[in-house]
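# Inside the fold
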Amino acid sequence: MNGISVDVNHLKKGEVNLGTSIMACKFDGGVILGADSRTTTGSFIANRVTDKLTQVHEKIWCCRSGSAADTQAVADIVHYHLQAYSAQNDRDPSAKVAASLFQELCYSNKDSLSAGIIVAGFDEMTGGEVYSIPLGGSLHKQEYAIAGSGSTYIYGFCNTHFKSNMSEDEVIQFVKTALAEAIKWDGSSGGVIRMVVLTKEGPRRLIFYPDEYEKICN
Amino acid sequence: MSNPQEINGGAAVAMVGKDCVAIACDLRMGSSALGVSNDFEKIFNYGNVYLGLTGLATDVLTLSDVFKFKTNLYKMREERAIEPQTFANLVSSTLYEKRFGPYFVGPIVAGINSVDNKPFICGFDLIGCIDFAKDFIVSGTASDQLYGMCESLWEPGLEADDLFETISQALLNGLDRDALSGWGAVVYIITKEKVVKRLLKTRQD
Amino acid sequence: MPGLSFENYQRNQHLATSGFAVPKTTSTGTTIVGCKFDGGVVIAADTRATAGDIVADKNCEKLHCISSNIWCAGAGTAADTEMVTQIISSNIELHSLSTGRQPRVVTCLTMLKQHLFKYQGHIGAYLIVAGVDPTGPQLMSIHAHGSTDIGYYLSLGSGSMAAMAVLESKWKREMNKEEAMALCTEAIESGIWNDLGSGSNVDMCVMEVGKDSVLHRNYRTPNVRAQKERSYKFARGTTGILGQTVRNLVDVVEVPIANEEMEVDS
């Protein structure tokens, strides 16, 4: 017994799974989120162009991993609360508020949810924050966060190559390379690499196709 | 052990003919291999609609009473008898209400619409999915056999008397290859003028 | 759903634990697809319903109307796709009445996903939702657990692999209506021939911007039953009868005949 056990039967039978590689990272001027685009039901690819980067407020986004149904439901609820928040307080919520909402939902429903979520948001006060909420519903503020089944392959890479205060071009290259490696080694990750860059200008979407990113780690 | 729909045994079938419909069932009710009754009719009448109910006998009786109650209420409120199509939707919603604790039955409906005089038959699964058929519907423990019989014997445009022979032979020969069904059979031939109920001569083993 | 009853649940659970197998429900086996085109969207389905390995219905309808501009193709448990579709159809009608706006596909999608998520996958409905609304043509899919996807072309059901093989190899951007209809037909036929759970005919629904949606029931019928070579009609009197009762349905109505007594004034 090694003390580590993974409950493979946790997902309900036939449930759509985001067997995922996702990450988010702070940089000089904002935050960036990245994800692959594969969703699977067992060994079948249910969608090869999935969008796992979900907007919950103008400059607060999240990366979803785990059950597609659970994470969509949680993101929809947070989206609702953040809209109510900005309407009632007449100002945008901080990333921390969003992350706390996610954590509250994930922790109080931990028995029935399988959701691993990374929350990243930009605000003028902090210049961007990244929060990780893994399976049990704990909340971790990080410089960068990686999650999903593919992330196990890139812990080493990210640890050696991450630098504080990277430029935008540097951080895009960092995320692209990390996800390209994750996709390469993880069978349940694949498709295109999607990114969202959050700066004071607002959100900006990027997409990278296999022809391009596969060259990085031939 | 088998499934609850096969404890008591029994089979039913409905067919469409030219300006007529027919519905028939066996008369056996058993407890697995032990025969209990040879007088257990599985066809129930509500105005100009006929309902065949196979499956778990306790649910057959419960549901037949539920529909008696609901169609009586319908008649009082609407001041007219229920039409077959309306009744089919009533059966469907009644069964789906018990989606997560269903009655173990296989209902079939037959009748002639009193407005346009068109024949109507349909069948259901145990949670109320309607199967609208233009030819025939089978149900019960002999349904596999009945599918085979009806698929070969049925043809479009049968007159009432021919329809009687076809449905009777389909049922009789189907029943002979099912140990849980038999012990007598009845057939209803429904036209817009009259309903003829015939008791068939069957094997008694 | 309000009003679902669990009255028999304990009894049935008891039966299940004492060794009685749980009976089969009708499944729509199914190949369903959807595809967008310039100025509209098309969905299609096969027409076979199965109960285990028995074909329960050879020509069932898997295309459900949610509102005049939104249609839905259903796979999975047949009763669930029918009922969930009817419930949402009625809620969409009420919603559009109270807002005074044409219903949108996203509204429908959100209602469906929240309903299905609430039931945690126990309502086995897998749907492709499509339609045209004020925001243009829309095409989305929902799985029983409540997850949703968006796409230019989608397939669902047991024949989804066969259908997706066709879609992946022949789909292209900027198709016209006829091309999209031909592609969907071919995808469904691929399911009909190659998937055991799918069969019989092709149903199709075309929704175009600024036009009424058109349902093509039995758009293709590649499995018409051949005329029987011989009649199996029995001679009248073949079946032995033990007794007969007749119930007369012709009402006897007394009609008063006009005569002297009927005169009101004289």
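What counts and how
Residues numbered from 1 in each chain as written. Chains lettered and ligands numbered in written order. Predicted model: local features only at pLDDT ≥ 70, side-chain atom pairs only at ≥ 80, totals over all residues. Heavy atoms only, no water. Pairing = 2+ DSSP bridges. Helix = DSSP H or I, 4+ residues; strand = E, 2+ residues; numbered from the N terminus. Axes fitted to C-alpha atoms, helices over the stretch in contact; angles between N-to-C directions. Contact = heavy atoms within 4.5 Å. Buried area = accessible area lost by both parts, 1.4 Å probe. Salt bridge = Lys/Arg side-chain N within 4 Å of Asp/Glu carboxyl O. Nonpolar A, V, L, I, M, F, W, Y, C, P; charged D, E, K, R; others polar. UniProt positions renumbered as here; feature names shortened; annotations may be inferred. Buried < 20%, exposed > 50% of the residue type's maximum accessible area, 1.4 Å probe, protein only. Polar contact = N/O pair within 3.5 Å; in protein donor to acceptor, adjacent residues only side chain to side chain.

Bringing the sheet that holds strand E13 (residues 202–208) of chain A into the picture now. All names here are of chain A. The sheet built from five strands is open, its strands ordered E11-E2-E3-E12-E13 with antiparallel pairing. Only two strands of the sheet have a single partner each, and these edge strands are strand E11 (144–147) and E13. Averaged over all neighbouring strand pairs, the angle between strand axes comes to 15°, with direction disregarded. Inspection of the sheet shows strand E2 (residues 22–27) paired to E11 by four bridges, in the antiparallel sense. Bridging across to E11, Met-23 finds its partner in Ile-146. Sitting on the sheet, helix H4 (residues 168–185) is in contact with E2, strand E3 (30–35), strand E12 (193–199) and E13, with an inclination near 160° to E2.

Another point: the interface of chain C and chain B. Contacts between the two partners involve 55 residues from chain C, matched on the other side by 58 residues from chain B. Where chain C abuts chain B, roughly 4800 Å² becomes buried across the two surfaces, and 55% of that area is made up of carbon and sulfur atoms. At the junction of chain C with chain B, the criterion picks out six salt bridges. Where B:Glu151 meets C:Arg225, a salt bridge forms, and the shortest distance between an N and an O atom there is 2.8 Å. The set of elements that each furnish at least two residues to the side of chain C that touches chain B consists of helix H1 (9–17), strand E4 (54–57), helix H2 (78–99) and strand E13 (241–248) of chain C. Top contributing element to the side of chain C that touches chain B by residue count: E13(C), with eight residues. Within the side of chain C that touches chain B, the residues separate by chemical class into 24 nonpolar, 20 polar and 11 charged. Summarising the sheet, strand E12 (residues 194–200) of chain B and E13(C) pair through seven bridges and their orientation is antiparallel. Residue B:Val196 lies in a different strand from E13(C), and its bridge partner there is C:Val246.

All names here are of chain A. Cross-referencing UniProt, the feature "active site" (unreviewed entry) maps to Thr-20 in the present numbering. With respect to the helices and strands, Thr-20 occurs in the loop between strand E1 (17–18) and E2. Looking at Thr-20, the relative accessible area reads 0%, which means it is buried. Once residues lying within four places of it in the same chain are set aside, the contact partners of Thr-20 are Asp-36, Lys-52, Arg-64, Ser-65, Ala-147, Gly-148, Ser-149, Gly-150, Ser-151, Asp-186, Ser-188 and Ser-189. Side chain to side chain, Thr-20 and Lys-52 meet in a polar contact 3.4 Å long.

This part takes up the interface of chain A and chain C. Listed by partner, the interface residues are 16 residues for chain A and 14 residues for chain C. Of the roughly 1300 Å² buried between chain A and chain C on both sides combined, carbon and sulfur atoms contribute 52%. Linking chain A with chain C are two salt bridges. C:Glu168 is the salt-bridge partner of A:Arg48, the closest N and O atoms lying 2.6 Å from each other.

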